[in-house]
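Each chain, letter by letter, is given below.
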There are 2 protein chains.
Amino acid sequence: MKKYLYAFEEGSKELKKILGGKGANLAEMKKIGLPVPNGYTITAEACIKYYDDGEKIDEKLIKGIFERLKELEGKTGKIFGDNKNPLLVSVRSGAAISMPGMMDTILNLGLNDNSVIGVSELTNNPRFAYDSYRRFIQMFSDVVLNISKHKFDSILDSVKERENLSSDPELSVDNLKEIIEKYKKLVKKETKIDFPVDPNKQLIMAIESVFESWNNSRAIIYRNINEIPHDMGTAVNIQEMVFGNMGDTSGTGVAFTRNPATGENKFFGEFLLNAQGEDVVAGIRTPKEINELENVLPEVYNDFSTISRKLEKHYRDMQDIEFTIERGKLYFLQTRTAKRTANAAINIAVDMVEEGMITKEEAILRINPDQIEQLLHPTFDDAALKESQIIAKGLPASPGAATGKVYFTSEDVVEAKARGEKAILVRVETSPEDIEGMVSGEGILTARGGMTSHAAVVARGMGKCCVAGCGDVRVETYNSLFKTANAVVNEGEYISIDGNTGNVYKGEIKTKEVAMSGNFGTLMSWADDIRRLNIRTNADNERDSKTAIKFGAEGIGLCRTEHMFFNEERIFAVRQMIVSTTIEQRKIALKKLLPYQKDDFVSIFNVMKELPVTIRLLDPPLHEFLPSEDEDIKNLALELGMEFNNLKSIVNELREFNPMLGHRGVRLAVTYPEIYEMQVKAIMLAAVEVKKKNGYDIKPEIMVPLVGFNKEFTIIKKLIRETADEILKEENMEMTYKIGTMIEVPRAALTADEIAKEAEFFSFGTNDLTQMTLGFSRDDSGKFIPEYKKKEIFESDPFETIDQDGVGQLIKIAFEKGKKVRPDIKIGICGEHGGEPKSIEFCDKVGLKYVSCSPYRVPVARLAAAQATIKNKK
Amino acid sequence: MKKYLYAFEEGSKELKKILGGKGANLAEMKKIGLPVPNGYTITAEACIKYYDDGEKIDEKLIKGIFERLKELEGKTGKIFGDNKNPLLVSVRSGAAISMPGMMDTILNLGLNDNSVIGVSELTNNPRFAYDSYRRFIQMFSDVVLNISKHKFDSILDSVKERENLSSDPELSVDNLKEIIEKYKKLVKKETKIDFPVDPNKQLIMAIESVFESWNNSRAIIYRNINEIPHDMGTAVNIQEMVFGNMGDTSGTGVAFTRNPATGENKFFGEFLLNAQGEDVVAGIRTPKEINELENVLPEVYNDFSTISRKLEKHYRDMQDIEFTIERGKLYFLQTRTAKRTANAAINIAVDMVEEGMITKEEAILRINPDQIEQLLHPTFDDAALKESQIIAKGLPASPGAATGKVYFTSEDVVEAKARGEKAILVRVETSPEDIEGMVSGEGILTARGGMTSHAAVVARGMGKCCVAGCGDVRVETYNSLFKTANAVVNEGEYISIDGNTGNVYKGEIKTKEVAMSGNFGTLMSWADDIRRLNIRTNADNERDSKTAIKFGAEGIGLCRTEHMFFNEERIFAVRQMIVSTTIEQRKIALKKLLPYQKDDFVSIFNVMKELPVTIRLLDPPLHEFLPSEDEDIKNLALELGMEFNNLKSIVNELREFNPMLGHRGVRLAVTYPEIYEMQVKAIMLAAVEVKKKNGYDIKPEIMVPLVGFNKEFTIIKKLIRETADEILKEENMEMTYKIGTMIEVPRAALTADEIAKEAEFFSFGTNDLTQMTLGFSRDDSGKFIPEYKKKEIFESDPFETIDQDGVGQLIKIAFEKGKKVRPDIKIGICGEHGGEPKSIEFCDKVGLKYVSCSPYRVPVARLAAAQATIKNKK
């Protein structure tokens, strides 16, 4: 015959299928010696039998239930329904697969007119006892007898009204007794039977009710949605209730085995004597610090301390514990792995390795890499934050906290900074023309654009705080203000933006720098020892390169050259180049740009020394460098000495319907080879200069963007090779350099074998590859991505985490085809995904050589890469 | 010992490697009995030996050459250098792989002071003889002696100047003799040797020179570019020169074995007696029709006729022949397969099948499917065309010929038509708002956009003539005119556009309809018997459906529903729907659209009867339906009773950076399911109505655009299924309908196995699939595609012919994955490529079920599909 009943000490976590998740967990806690309140479990198989028997509990089982109840009385020294030392129990459902809130639970079962006296005396708190009794009747009636809760509430309300009371706690014991009588009458009226005062009867009815709840309609719907079989049944757990309000040797509390804010290895928490859990939450009495327990109840504290340490050892992690002391006896009601700050997480992980509790690998796996970035950016002062008004919420596009005066144009921000003001740039969306404002501002707020919009990408690259795609914000630049649902903010007024949450606050909020602890360094060095992937950075200038080096970057994976074009000194020559109608004119303009570009590269090479630097040649369409408004075109025409109409028609001709899929990248080079020629000259001249001056053996990696056809690459590679070799010959210098390509057009991935015949390295540009493979414009998809997440069309924004099924397939195809043709080809990734842990895990699995990410993501990537190595080794 | 010399009659086309292309071809002609002038070939191996021997011709070979020359004298009865009956020869290079124009050729070799007398007497034309001699000296000196041509020209010019002559033919015999003397002196001065008057010496020098020309720099570059090995060498062909100007039994002509314009089985061509080929070309004398030859030289005509028929049988196709008659003897100088009009091509192919000359399969393979479309559209009257001025040239975007007055807005065209005028819509580019103007106009001319721009696609769909992407045209709508390099055309002035050539003409040009011959029908019925692919059409309305049925369409593969939204009566409701801020408002607006949409489908179902109709639900982004200019927004705001600012900000919010990758297709349905709900209702109500009224068993195929994730499709499929079933229930009707998806996003192709779990059919949308796979916006790539073609980055515009290596790979992946999961899944293609022969061949090879194309391409597709079946069977 099947065993339908298990005392907690008989079970274990392996029996989850028949004991349910909760029952198995309670059994496991018991097994490792935790003082959990006693009880037993009726198996899910009993539930199945209940249904097989036509929704009846078998006589034998009923007999068994009461035998187990007797045992429970023996273990607890309490008696069911007793008026001196009554046993009260909880009756809870618990299926093998968790279905939170779907099925029934009854607390304080065993209360009746008799046992309530015992509770009253033991707690010396008649109000508590009768209020518990009242609540029990209401709960039991709702769950077991199907009497609507609000009918009980109206009785309660009528008494309160009569007595002129505004809250439940003001009810006197007599009020409660009167209510209990009225409740009973209501039950009689509704069900035609008396409220069951016999605890045994209560118990069987409650168990039946839990069995029945397996098939209530919300449980069925839940199982349908989550594809849980309908024939598994639920177990029922019957457990002794314990009370912390039975005098001064009773109490209740919550505690962490270590400090969840700092990680310090010291109990952290609080308790209240002679109190129930609700009292702690209600905040009427002030709880005491956990270590004071040692003074008032030394033995209990001793037990607590010993068991907690044991618990931590058993679970090998910091625990978050709920406990109750009933008349000097300590009970653990719950224990779970504790949440913690990033800082604490690191300290605890490193400490635990040093304590020999976990391995370095485990320590590394313990840290959520995304959390690390918090440590590198300022945050708002918690107290100040609480008092601030949230006026809008956008996407947390680039972490950090920033506070400053609102300005709506890049120029105004630059001027504000010059005046010594802190400024926040607020725009509908940013474009490359806004770079200087983004550099000068404390942070950026945009109304449109997703996590990989221009604002977001550039801000993350700079390590600047940014809230993007804040749809609540309506920018009215012409009125010098922006509006949200509940606020109007004028130019020059303070706002604060939180790049970790996406919140926008009115007014100025103090920020604080989080100190980086020494353990952080230790952890990162372990990560570096373990990881297989190299970590490079995306950096376009000296400042970013320095930041990245500080954070441990091992090279530059993507140095974009277009940002260099926007500098005020150069943009004029850039524009001259674009409006040229002959090659000669264009070459003259390019010649002016050459020394600037060269200097850019010199400064970067000097920072990176001999680390690899991959430089991407010009990528964006030329119209990005021209103004679009008539007013600006007029001014530029004046500057260039052109007719307005001429310039306007050039601007119009360059305009594109879908610039993302337009005349850019290598396509520019095919039509205007002289642009890349100038850039390659600049790179090589810079490399030569740095090598000559400082002796660094620079090995530039020149990268061609947007290649889709092998012949495109072949043509441009030839141009690069000829240009570079000519410089080396002129300078009488030997130098190794590589020419490779981005893989960002789906066609390039599909024909990577052809392209690899010529390309010396590949770098996956997963931003564009995602845009094209999914057909999602990153600047426009913000309008439907939230709905897609809500409807679970995808788990996460594909611009944040690589879409492994789609984009990932192309990456694998390209990797395999590339390696087949050129086994030593260096393959990395330089899209935004290069700094995202799940994507890094994928890159490690595929076998890439490196990931490249923005400087502030470098530590994140180092850790994530180590985790990837550990996970993929398994 | 190797055989280095072959008389023409000794060779054959199999010996191409050693005889070169030309030598092998001459040998082959000889072999089948053609009267080609006699000659022999020095093999390419002799050339290799020449280089091996240090650029010297071996004595033995020289001996052989002269032995062969002797034989030639025997065969021709002419003697080298003779003053009575001189033998003249041509010396031509001819490599195994054709290198046109790269190497040397010398004509009339053997002319000297002696033989010139013979030529003079035989032709009775001393001027011809001495001019030939003069030319020979110049050519020989240029090619063999490396004396620059212009030095000879200046001698010629000085004589002409002195004699006060304006052209070469005015030179007298004495002038020519004087020039010959001066030429010889020049040679002596430049080379220090006399001009070789010994024909034997001329011959050896010429042969050496041809050998040398194998390694001239332009030949080397050509071989490098075309990857031709450098060690193959060239053969040298020495062939008797024949002359048609040796009296009244000599002559020259060109002829076709059938009529190349109509296909009639009758010789077609012309000849001149006592004339050289140049005389025919020069047009000084009027040639006679070929059949008159029978009267003047009956024996020659008889030979010509017999040999021509034989030739046609041998090559099994109409031949284009050049011939010369020398003193009553007929020589064929060249014969090749003749070019012909589409009409002729069809007639000839069908005739030849009936004559038993070729099979039906061969007949089908003979017709260039692209040519067929000509037959379906009007063309310009040839005579009128010759007198017209071309003012610009664009892309031949949609075939036909149109003439009309220029208007710059859709409204103006509509009004002009209402006044009874013929109008041409001229725009920078068209957008969906221009539809009515495109319908009302005779043709469309755009300054921007490629072969698959909006204008091109819509015009082809309508069968309307269109010239697109005409960069020469600068449209100045504000001045009501457009400019080209050589013309200014004002509004209301006539232009004519040729959709077959892309030419734009000033003024009105008469057009003519080409009659479709009965043979066309015969050929198409053969094609229908042979082809495996079904041919469907892309049609959105009754008119197009009727056209397509007339042309043999077997169903609709793509019925776009968005064009239906632009009709004046409906656009208001469409716009109301778009600006709705609540679902309720949107539903009210959609309800207004429902009856219109239903009627659209009723009229289409009634035309298509029980043929399959695939209807694509709404695809374009909503902003396409809203105006973009402030003025129009103001008007619309007034109409809608909205504030201008409100509407303007809605317009702005809907605006997208890359609409192609934006909020459109299934993404609209995920966010606004009520739009598709309305459309599905309209489809089902229409199907029910037609079934009830006319008894047709309609089986709608409902297609979801832009799916990239299987879950997207699942969600929308459920919506469609529920909506459709509800209509069927309400109408108490049983009906089979299918729900499928476009495969146009690369991700959909990559995850087609997932999508096929739910989708009942796939249709490749290769326009969008090409855009995304290549990252080419079809509206913007016109700027670089010409350069890409020029640099041979791809062979043909990937928007015209499927890019098999890239896009084709995805199609194959999707096909295989789809079939694996759902073996009976119906898979077709509905992109523009569906009407393009090479792409159709690819679709057949992959195994698709059908291709779908615009109505006017249906016959093209039927023929191309038959060709594909034949080719892929091989």
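Reading guide: rules and limits
Residues numbered from 1 in each chain as written. Chains lettered and ligands numbered in written order. Predicted model: local features only at pLDDT ≥ 70, side-chain atom pairs only at ≥ 80, totals over all residues. Heavy atoms only, no water. Helix = DSSP H or I, 4+ residues; strand = E, 2+ residues; numbered from the N terminus. Areas by Shrake-Rupley, 256 points an atom, 1.4 Å probe, with all protein chains shown as cover. Least-squares fit on C-alpha atoms with pLDDT ≥ 70 in both. Core = buried A, V, L, I, M, F, W, Y, C linked by side-chain atoms within 4.5 Å. Buried < 20%, exposed > 50% of the residue type's maximum accessible area, 1.4 Å probe, protein only. Contact = heavy atoms within 4.5 Å. Pairing = 2+ DSSP bridges. Axes fitted to C-alpha atoms, helices over the stretch in contact; angles between N-to-C directions. Salt bridge = Lys/Arg side-chain N within 4 Å of Asp/Glu carboxyl O. Patch = residues over 30% accessible without salt bridge, like charges linked within 9 Å, V, L, I, M, F, W, Y side chains within 5 Å. Lys, Arg positive; Asp, Glu negative; His and termini not counted. Charge placed at Lys NZ, Arg CZ, Asp CG, Glu CD. Buried area = accessible area lost by both parts, 1.4 Å probe. UniProt positions renumbered as here; feature names shortened; annotations may be inferred. Phe/Tyr/Trp six-rings, centres within 6.5 Å; stacked < 30°, edge-to-face > 60°. Lys NZ or Arg CZ within 6 Å of the ring centre and 35° of its normal. pLDDT = per-residue confidence, 0-100. Domains from an automatic or database assignment. Parallel < 35°, antiparallel > 145°, perpendicular 65-115°, else oblique. Left-handed = near helix turned anticlockwise from the far one by under 90°.

### A word on the overall build of chain A
Link 1 in the chain: Looking only at helices and strands, one finds 35 helices and 33 strands in chain A.
Link 2 in the chain: Principal-axis analysis of the C-alpha atoms places the extent of chain A at approximately 105 × 60 × 55 Å.
Link 3 in the chain: Approximately 35600 Å² of chain A is accessible, and the part contributed by carbon and sulfur atoms is 49%.

### Considering the relation of the copies chain B and chain A
Each of the two chain copies can be generated from the other by rotation about an axis followed by a shift along it.
Link 1 in the chain: When chain B is fitted onto chain A, the two copies agree to an RMSD of 0.5 Å after a turn of 179° and an axial shift of 0.3 Å. Taken together, these values place the two copies in the relation of a two-fold axis. Rotation axis and chain B: the residue whose C-alpha lies nearest the axis is Asn658(B), separated from it by 1.9 Å.

### Re the nonpolar core
Link 1 in the chain: By size, the foremost hydrophobic cluster in this structure holds 300 residues, and its most contacted members are Phe605(A), Met684(A), Phe605(B) and Met684(B).
Link 2 in the chain: Setting aside its immediate chain neighbours within four residues, Phe605(B) contacts Val613(B), Ile615(B), Ile683(B), Ala686(B), Ala687(B), Val690(B), Tyr696(B), Ile698(B) and Pro700(B).

### So, helix H4 (residues 115-123) of chain A
Residues and elements named next belong to chain A.
Link 1 in the chain: Turning to H4, its buried residues number three or more, namely Ser-115, Val-116, Gly-118, Val-119, Ser-120 and Thr-123.
Link 2 in the chain: Packing partners of the buried residues in H4 comprise strand E4 (86-87) and helix H5 (126-143).
Link 3 in the chain: Directly beyond the C-terminal end of H4, a positive phi value near 50° is found at Asn-124.

### Overview of the pairing of strand E5 (residues 89-95) of chain A
All names here are of chain A.
Link 1 in the chain: The element E5 is largely enclosed, with a buried count of six among its seven residues.
Link 2 in the chain: Bridge analysis of E5 against strand E6 (residues 105-109) gives three bridges, and the strand direction is antiparallel. Within E6, the position partnered with Val-89 by the bridge is Leu-109.

### Examining the sheet that holds strand E10 (residues 288-289) of chain B
Residue and element names in this part refer to chain B.
Link 1 in the chain: Taken in spatial order, the five strands line up as E10-E9-E8-E11-E12 in an open sheet, and their pairing is antiparallel. The open sheet has two edge strands with one neighbour each: E10 and strand E12 (329-337).
Link 2 in the chain: Bridging between strand E8 (residues 251-256) and strand E9 (residues 268-273) involves six bridges; their strand directions are antiparallel. Directly across from Thr-252, in E9, lies its bridge partner Leu-272.
Link 3 in the chain: Across the face of the sheet, helix H12 (residues 298-315) comes into contact with E8, strand E11 (319-326) and E12 while running at roughly 25° to E12.

### Notes on the pattern of salt bridges
Residue and element names in this part refer to chain A.
Link 1 in the chain: Following the criterion strictly, the structure yields 128 salt bridges over all chains and no others.
Link 2 in the chain: Residue Lys-75 is joined to Glu-9 by a salt bridge in which the shortest nitrogen-to-oxygen separation is 3.1 Å. Of this pair, Lys-75 sits in helix H3 (residues 59-76) while Glu-9 is found in the loop between strand E1 (5-7) and helix H1 (16-31), placing the two residues 66 residues apart along the sequence.
Link 3 in the chain: Given the relative accessible area of 38%, Lys-75 is considered partly exposed.
Link 4 in the chain: Residues Glu-760 and Arg-721 are paired through a salt bridge, measuring 3.4 Å at the closest nitrogen-oxygen approach. Of this pair, Glu-760 sits in the loop between helix H30 (752-756) and strand E31 (761-764) while Arg-721 is found in helix H28 (residues 710-731), placing the two residues 39 residues apart along the sequence.
Link 5 in the chain: Overall, the relative accessible area of 26% leaves Arg-721 in the partly exposed class.

### Here we look at a negative patch on the surface
Residues and elements named next belong to chain A.
Link 1 in the chain: Taken together, the side chains of Glu-411, Glu-415, Glu-433, Glu-436, Glu-568, Glu-569, Glu-629, Glu-631 and Asp-632 make up a negatively charged region of the molecular surface.
Link 2 in the chain: Counting residues per element, the ones that place at least two in the negative patch are helix H17 (410-418), helix H22 (568-579) and helix H24 (630-640).
Link 3 in the chain: Relative to the elements of secondary structure, Glu-631 occurs in helix H24.
Link 4 in the chain: Take Glu-631: its relative accessible area is 51%, and that puts it in the exposed class.

### So, the environment of Leu774(A)
Link 1 in the chain: Locating Leu774(A) in the fold gives a position in helix H31 (residues 766-774).
Link 2 in the chain: C-alpha of Leu774(A) to C-alpha of Gly110(A): the two residues are 664 residues apart in sequence and 60 Å apart in space.
Link 3 in the chain: If near-sequence neighbours (up to four positions away) are discounted, Leu774(A) is found in contact with Pro798(A), Asp803(A), Val807(A), Arg667(B), Phe709(B), Val745(B) and Arg747(B).

### Details of the interface of chain B and chain A
Link 1 in the chain: At the junction of the two partners, chain B supplies 53 residues and chain A supplies 53 residues.
Link 2 in the chain: Here chain B meets chain A over a buried area of about 5000 Å², counting both sides, of which 55% is carbon and sulfur.
Link 3 in the chain: On the chain B side of the interface with chain A, the three residues burying the most area are Phe657(B), Leu661(B) and Phe709(B), jointly 13% of the side's total.
Link 4 in the chain: Here chain B and chain A share six salt bridges between them.

### Comments concerning the UniProt feature "domain: Pyruvate phosphate dikinase AMP/ATP-binding" (unreviewed entry) in chain A
Link 1 in the chain: The UniProt record annotates "domain: Pyruvate phosphate dikinase AMP/ATP-binding" (unreviewed entry) at residues 63-290 and 304-354 of chain A.
Link 2 in the chain: Between the first and last C-alpha atoms of residues 304-354 of chain A the distance is 24 Å; the span itself is 49% helix and 33% strand.

### Focus on the packing of aromatic side chains
Link 1 in the chain: Taken as a whole and assessed by the stated rule, the structure comprises 50 aromatic pairs over all chains.
Link 2 in the chain: Look at Phe152(A) and Tyr183(A): their rings are 4.8 Å apart centre to centre, the planes differ by 80°, and that puts the pair in the edge-to-face class. Of this pair, Phe152(A) sits in helix H6 (residues 149-163) while Tyr183(A) is found in helix H7 (residues 173-191), placing the two residues 31 residues apart along the sequence.
Link 3 in the chain: A relative accessible area of 0% means that Phe152(A) is categorised as buried.
Link 4 in the chain: Residue class for Tyr183(A) comes out buried when judged on its relative accessible area of 0%.
Link 5 in the chain: A ring pair is formed by Phe776(B) and Phe784(B), whose centres lie 5.1 Å apart and whose planes are at 85°; its orientation type is edge-to-face.
Link 6 in the chain: Aromatic ring contacts, followed pair by pair, group Phe267(A), Tyr301(A), Phe304(A), Phe323(A) and Phe332(A) into a single cluster.
Link 7 in the chain: A cation over a ring is seen here: Arg223(A) above Trp214(A), with NZ or CZ 3.8 Å from the ring centre.
Link 8 in the chain: Positioned above the aromatic ring of Tyr331(B), the side-chain terminus of Lys329(B) is 5.0 Å from the ring centre.

### Considerations on the confidence of the model for chain A
Link 1 in the chain: When pLDDT is averaged along chain A, the result is 92, and 98% of the positions lie at 70 or above.
Link 2 in the chain: Two summary scores accompany this predicted model of the complex, namely pTM at 0.78 and ipTM at 0.78.

### Concerning the sheet that holds strand E23 (residues 494-498) of chain B
Residue and element names in this part refer to chain B.
Link 1 in the chain: Ordered by their spatial adjacency, eight strands build an open sheet running E14-E24-E23-E16-E17-E18-E19-E15, and the pairing between neighbours is mixed. Only two strands of the sheet have a single neighbouring strand rather than two, namely strand E14 (390-393) and strand E15 (395-398). When the angles between neighbouring strand axes are averaged without regard to direction, this sheet yields 30°.
Link 2 in the chain: Examined bridge by bridge, E23 and strand E24 (residues 503-506) share three bridges and lie antiparallel to one another. For Ile-495, the partnering residue across the bridge sits in E24 and is Lys-506.
Link 3 in the chain: On top of the sheet, helix H17 (residues 410-418) reaches strand E16 (401-407) and strand E17 (423-427); it is set at about 175° to E17, its chief contact.

### Details of the domain arrangement of chain A
Link 1 in the chain: For chain A, the domain assignment lists domain 1 (5-241), domain 2 (242-340), domain 3 (377-512) and domain 4 (531-560 + 596-621 + 673-873).
Link 2 in the chain: On a C-alpha basis, the centres of domain 2 of chain A and domain 3 of chain A stand 43 Å from each other.

### Quick notes on unusual backbone geometry
Link 1 in the chain: One non-glycine residue, Asn274(A), lies in positive phi territory at about 50°.
Link 2 in the chain: Tracing the chain through its elements places Asn274(A) in the loop between strand E9 (268-273) and helix H10 (277-282).
Link 3 in the chain: The exposure class of Asn274(A) is partly exposed, given its relative accessible area of 27%.
Link 4 in the chain: The residue Glu55(B) is not glycine, and still its phi comes out positive at about 55°.
Link 5 in the chain: Mapping Glu55(B) onto the fold places it in the loop between helix H2 (44-52) and helix H3 (59-76).
Link 6 in the chain: The class of Glu55(B) is partly exposed, set by a relative accessible area of 40%.

### Details of the packing of H3(B) against helix H8 (residues 199-213) of chain B
Residue and element names in this part refer to chain B.
Link 1 in the chain: Closest axis-to-axis distance for the H3/H8 pair is 12 Å, and the angle between their directions is 120°. It follows that H3 is oblique to H8 by the angle criterion. H3 and H8 meet at a crossing whose hand is right-handed. Every residue of H8 that contacts H3 at Ile-62, Ile-65, Phe-66 and Leu-69 is listed here: Asn-200, Leu-203, Ile-204 and Ile-207.

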